[in-house]
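What follows is each chain in one-letter form.
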Amino acid sequence: MIGKQLLNNFTEIIIPAIRTGVKSWRARKLETTTDKYMRWEQDNDLQAVGTLTLFEEYLEMVIQFGFTTMFVAAFPLAPFFALLNNIIEIRLDAFKFVTQMRRPIAQKVNDIGVWYGILRIVAIIAVLTNAFIISYTSDFIPKMVYKYVYSYNQTGTAEPTLRGYIDFSLSLFDVNEFDNDTKPSPVAWFNGTFCHYRDYRSPPSDVDRYEHNIYYWHIFTVRLAFVVLFEHFIFFVVTVISWLIPDVPANIKSQIRREQYLAQKAFWGEKVDSGEQTPASTGLRQRNSQLQPVNYLAT
């Protein structure tokens, strides 16, 4: 990720600078005392802002966000390097847009468009990815299962402990079952018939030899449960934070509603002053025409 960001920053600055410098050099060679290389010509020789310029900028940030969030459990320094890269890239992009590119045509938009949905999807996938990384690529779950379930029987202690976890996590293999082509060469420090390997399988003397034992399925179940609980907890925290910190504050919402009310009031007021029939006045006249006079003295 770091190398890719450095390469992108290098190409975004050097390539436009080289192209602009070549155009400027060719124009200055043709410059005379009467035909000066004017400022508007220098601006015209700058790099044009393409239709996909912002798309590439957004894509770069989304890819960086994906790498940073999806694999932060595997590389915890990723957010730090992303922060350093963005601090540098802000200045590099400012230099590029001010000195190496033509002035872009401004467009009015409400938000970042479809990129917001893409970022939300990446964030959801990142939660699941980190849950599986923590659960299946680390010893966190096996250690917790051993400490709080099996350590009492393995060590005979009354308190949870990790003593004996290494032996618990290893399985036996009969070295005599190696083929002649794959059998390791004898060494002076090993003259036994069994060796240990990292897994949870039945020993060679068992009926289900070399099959996954009950410890494996217990740890496997706890790992799946951890993934489900982890992602539910994260989504719950995100929902609570979104509810506590809304996108639009309450006072701003009230101000927006007040402006809408004043705009409607001004619009219908102009209609009434000009003598035009409004839906409200037309309906009122229709209801009044349907009313019959009543002689209360006769009753």
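For every chain, the first residue of the written sequence is number 1, and numbering continues from 1 onward in sequence order. Whole-chain, interface and lining totals are the exception, using all residues; otherwise, since this is a predicted model, local features are given only for residues with pLDDT of at least 70 and side-chain atom pairs are given and counted only at 80 or more. Processing note: side-chain calculations cover all non-hydrogen atoms of the structure and skip hydrogens and water entirely.

### Observations concerning the overall build of the protein chain
Part 1 of the argument: In DSSP terms, a helix is any run of H or I states spanning at least four residues, a strand is any run of E spanning at least two, and both are numbered starting from the N terminus. Helix and strand counts for the protein chain come out as 10 helices and 2 strands.
Part 2 of the argument: Listing every helix and strand of the protein chain by position from the N terminus yields α-α-α-α-α-α-α-β-β-α-α-α.
Part 3 of the argument: Throughout, exposure labels follow a simple rule: accessible area from a 1.4 Å probe, protein chains only, divided by the maximum for the residue type, with under 20% read as buried, over 50% as exposed, and the rest as partly exposed. Split into buried and exposed, the 299 residues of the protein chain put 22% on the buried side.
Part 4 of the argument: The criterion used for residue contact is that any of the two residues' heavy atoms lie within 4.5 Å. The contacts of the protein chain with a sequence gap of at least 6 include a subset with a gap of at least 24, amounting to 63%.
Part 5 of the argument: Note on areas: Shrake-Rupley, 1.4 Å probe, and residue coverage restricted to the protein chains presented here. Only carbon and sulfur atoms are counted for the fraction: they give 64% of the accessible area of the protein chain, which is about 22,700 Å².

### A word on the packing of helix H5 (residues 114-136) against helix H8 (residues 214-244)
Part 1 of the argument: Interaxial angles span 0 to 180 degrees and are taken between N-to-C directions of axes, which are lines fitted to C-alpha atoms, for helices over the stretch in contact. In the contact formed by H5 and H8, the axes pass within 9 Å of each other and the chain directions differ by 150°. Once H5 is placed against H8, the crossing between them reads as right-handed. Residues Ile124, Val127, Leu128, Ala131, Phe132, Ile134, Ser135 and Tyr136 of H5 form the contact with H8, whose participating residues are Phe220, Arg223, Leu224, Phe226, Val227, Phe230, Glu231, Ile234 and Phe235.
Part 2 of the argument: Its residues assigned to classes, the contact of H5 with H8 comprises 14 nonpolar, 1 polar and 2 charged. Note on convention: near helix rotated counterclockwise from far helix by under a right angle means a left-handed crossing. Clockwise means right-handed. Each residue receives one of three labels: charged for Asp, Glu, Lys and Arg, nonpolar for Ala, Val, Leu, Ile, Met, Phe, Trp, Tyr, Cys and Pro, and polar for the others, Gly being one of them.

### Comments concerning the confidence of the model for the protein chain
Part 1 of the argument: pLDDT: the predictor's confidence for each residue, scored from 0 to 100. Model confidence for the protein chain is summarised by a mean pLDDT of 81, while 87% of its residues fall at 70 or above.
Part 2 of the argument: Model confidence for the protein chain, summarised as mean pLDDT per element, is weakest for helix H10 (residues 279-290) at 52 and strongest for H8 at 92.

### Comments concerning the environment of Thr68
Part 1 of the argument: Within the secondary structure layout, Thr68 lies in helix H3 (residues 53-70).
Part 2 of the argument: Residues Thr68 and Phe80, spaced 12 residues apart in sequence, show a C-alpha to C-alpha distance of 9.2 Å.

### Section: the packing of H3 against helix H4 (residues 78-100)
Part 1 of the argument: The N-to-C vectors of H3 and H4 enclose an angle of 170°; their axes lie 10 Å apart at closest approach. Our classification of the angle between H3 and H4 gives roughly antiparallel. Mapping the contact onto sequence places Thr53, Glu57, Glu60, Met61, Gln64 and Thr68 in H3 and Ala78, Pro79, Ala82, Asn85, Asn86, Glu89, Asp93, Lys96 and Phe97 in H4. Should an angle fall under 35 degrees it is called roughly parallel, over 145 degrees roughly antiparallel, and 65 to 115 degrees roughly perpendicular, with every other angle called oblique.

### Let's talk about the nonpolar core
Part 1 of the argument: Residues Ile141, Val145, Tyr146, Tyr150, Tyr165, Phe168, Tyr200, Ile219 and Phe226 constitute the largest nonpolar core, which totals 9 residues.
Part 2 of the argument: Looking at this core, the elements that each hand over two or more residues are helix H6 (140-155), helix H7 (165-168) and H8.
Part 3 of the argument: Sort the elements by how many residues they give to this core and H6 lands first, with 4 residues.
Part 4 of the argument: Apart from the residues within four sequence positions on either side, Tyr150 is in contact with Val145, Phe168, Tyr215 and His218. Definition of nonpolar core: a set of buried residues of the types Ala, Val, Leu, Ile, Met, Phe, Trp, Tyr and Cys, connected through side-chain atoms within 4.5 Å.

### Here we look at the packing of aromatic side chains
Part 1 of the argument: We call Phe, Tyr and Trp rings a pair once their centres come within 6.5 Å, taking the six-membered ring for Trp, and we label the pair stacked below 30 degrees between planes, edge-to-face above 60, and tilted otherwise. Following the criterion strictly, the structure yields 21 aromatic pairs and no others.
Part 2 of the argument: Note on Phe80 and Phe81: the rings are 5.7 Å apart at their centroids and 65° apart in plane angle, and the pair reads as edge-to-face.
Part 3 of the argument: Using a relative accessible area of 46% as the deciding quantity, one classes Phe80 as partly exposed.
Part 4 of the argument: Through pairs of rings, three or more aromatic residues link up here, namely Tyr146, Tyr150, Tyr165, Phe168, Tyr200 and Tyr215.

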